[in-house]
Each structure stands twice: as structure tokens, then as C-alpha cells.
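Chain residues, written in single-letter form:
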Amino acid sequence: QGEGGPVTDGMIRIAGKKTLPPTPVDSSGQRVFVVEPGKWQVVVVSPQFGIAQRELTVSEKTRGLQEMVFDLLPVADGKAELLVRVVDPDGLPIGNAVVRRSGDPMNTSAGGAALFSSLLPGPGDLTVEAPYFKPWTVGSLNLAEGPQERVVTLDWVPSTVTVQVTDAGLRP
């Protein structure tokens, strides 16, 4: 919801074990989803009210409807918001990656997201690093006023693996 009631231009994105397609809210600013147990990153994006994110944990014992309320405020005039979602080559979120926008570091949540708010529009570097993945850099990411999203897919660092196959007696 926004300052004056429901936000009707919002899109909801949910990522966890899999990524659900972006889904618009209804005329009352709501949407119901069914998700499996696990950790999920829920992101709401509104052109008028910006970006909000929160983590949702659904346990095996969870029953019934869990309600998440996002109170959105308009993006400040002349400012930008940037949501960076970091995923592996299979599209799974990478938690605890380090994302830097022009030097300011932020770690991604378990759902692979980092939200930078109150940024100045214009060009700036964006880098992402995570253990076991190749670093990723874009030299000049130009931000416009308002909310924006960038999905970064990190590639695995190549490594050598030795596999030895034995029988029940541990003989090759």
C-alpha cells in the first residue's frame, strides 16, 4: 500500500528454489501465491512508489495464509533506486554476494537481492563478487530517476575435479 491506499501498479517477483514470473497486483493491491517450503525473496516494484523487498521463510509446518504488507513511499524526486538480483547460471539466487555501486558495498540477502535507495541518477560502476563465482563488472551503469532492476548472472569459477570410482571393497 502507498500513502493514500492500495498501490495498483505494482508487480510482484518471488525468487527462491525457483523464480516465479512477475505478477501484477489486483485492483486492491494484492495477490495470492502458493510457494513450497523454503526461503523466498519477495520484491514489489511500482513505477510510482519504487521498490521494496523482504525475505519470506515457509517451514514444513507452515499452515494457512501468511500475509506480507509492503508500505511503499514515493521515490524522492531526483533520486534513483536500484534492485540488484544475483543468480547462478541455473537462475538460483546467490546469497551473501557483495554488490558495489560506485564503491558502496552491500551483501545480498539469502534470496540474492540487494536494494540501493536514494542514489543520484547518472553513470556509475556496478560490481558483484561471490565465492566460487567469477567477478562481474559493468563499467558504466546509467541510472535514471525512479526504480530500476538489474539481474546479474554470475558464472562459476572453473576448477579441476578428480573422480575415483571404487567397488564395495574400495578397489578401483
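Conventions adopted
Residues numbered from 1 in each chain as written. Predicted model: local features only at pLDDT ≥ 70, side-chain atom pairs only at ≥ 80, totals over all residues. Heavy atoms only, no water. Helix = DSSP H or I, 4+ residues; strand = E, 2+ residues; numbered from the N terminus. Contact = heavy atoms within 4.5 Å. Buried < 20%, exposed > 50% of the residue type's maximum accessible area, 1.4 Å probe, protein only. Pairing = 2+ DSSP bridges. Axes fitted to C-alpha atoms, helices over the stretch in contact; angles between N-to-C directions. Patch = residues over 30% accessible without salt bridge, like charges linked within 9 Å, V, L, I, M, F, W, Y side chains within 5 Å. Areas by Shrake-Rupley, 256 points an atom, 1.4 Å probe, with all protein chains shown as cover. Salt bridge = Lys/Arg side-chain N within 4 Å of Asp/Glu carboxyl O. Core = buried A, V, L, I, M, F, W, Y, C linked by side-chain atoms within 4.5 Å. Polar contact = N/O pair within 3.5 Å; in protein donor to acceptor, adjacent residues only side chain to side chain.

Student: Pulling in residues and values, what's your account of the environment of Ala15?
Tutor: Structurally, Ala15 can be placed in strand E1 (residues 11-15). In this structure the C-alpha to C-alpha distance between Ala15 and Asp77, which are 62 residues apart in sequence, comes to 29 Å. If sequence neighbours within four positions are ignored, Ala15 has contacts with Lys39, Trp40, Gln41 and Arg85.

Student: Can you tell me about the pairing of strand E5 (residues 80-87), naming the residues and giving the values?
Tutor: Burial analysis of E5 places 8 of its 8 residues in the buried class, which makes it a mostly covered element. Along E5, one buried face is formed by Ala80, Leu82, Val84 and Val86 and the opposite face, lined by Glu81, Leu83, Arg85 and Val87, is buried too. Across 5 bridges, the pairing between E5 and strand E8 (residues 113-119) is antiparallel. Residue pairing for E8: Ala80 is matched across the bridge by Leu119. Bridge count for E5 against strand E11 (residues 146-153) is 8 bridges, and the pairing is parallel. Its bridge partner lying in E11, Val87 is registered against Thr153.

Student: Account for the sheet that holds strand E10 (residues 136-138), with residues named and values stated.
Tutor: The 4 strands are arranged E7-E6-E9-E10 in an open sheet whose pairing can be described as antiparallel. Only two strands of the sheet have a single neighbouring strand rather than two, namely strand E7 (104-107) and E10. Averaged over all pairs of adjacent strands, the angle between their axes in this sheet comes to 15°, without regard to strand direction. Alignment of strand E9 (residues 126-129) against E10, held across 3 bridges, turns out to be antiparallel. By the bridge assignment for E10, Thr127 is matched with Thr137.

Student: Account for the side chain of Asp88, naming residues and giving values.
Tutor: By the secondary structure assignment, Asp88 is in the loop between E5 and strand E6 (98-101). Those residues in contact with Asp88, other than ones at most four positions away along the chain, are Ile94, Phe133, Thr153, Leu154 and Trp156.

Student: Describe in detail a nonpolar patch on the surface, supporting the description with residues and values.
Tutor: Nonpolar side chains collect at one region of the surface, where Val161, Val163 and Val165 lie side by side and expose about 340 Å² of accessible area between them. Locating Val165 in the fold gives a position in the segment after E11.

Student: Please provide a residue-by-residue account of the sheet that holds E1, values included.
Tutor: An order of E2-E1-E3-E4 is seen for the 4 strands of this open sheet, with the pairing classed as antiparallel. Each edge of the sheet is formed by a strand with only one pairing partner; in this case those strands are strand E2 (23-24) and strand E4 (50-58). As paired strands, E1 and strand E3 (residues 38-46) are joined by 5 bridges and run antiparallel to one another. By the bridge assignment for E3, Ile12 is matched with Val44.

Student: How would you sum up the nonpolar core? Please name residues and give values.
Tutor: Of all hydrophobic cores here, the largest spans 20 residues; its most connected members are Leu82, Val84, Val86, Val99, Leu126, Val128 and Leu154. Counting only elements with at least two residues in this core, the list comes to E5, E8, E9 and E10. With 4 residues, E5 is the largest single contributor of residues to this core. The contacts of Val99, once residues within four sequence positions are left out, are Val84, Val86, Asp104, Pro105, Met106, Thr108, Ala114, Phe116, Leu126, Thr127 and Val128. The next biggest cluster of nonpolar side chains, apart from the first, holds 14 residues, and it includes Ile14, Trp40, Val42 and Phe49.

Student: A description of the side chain of Ser46 should follow, citing residues and the corresponding values.
Tutor: Looking at where Ser46 falls in the secondary structure, it is placed in strand E3. The class of Ser46 is buried, set by a relative accessible area of 0%. Separated by 2.7 Å, the side chains of Ser46 and Asp9 make a polar contact. In this structure the side chain of Ser46 is engaged in a polar contact, spanning 3.0 Å, whose partner is the backbone nitrogen of Phe49. The contacts of Ser46, once residues within four sequence positions are left out, are Val7, Asp9, Gly10, Leu72 and Pro147.

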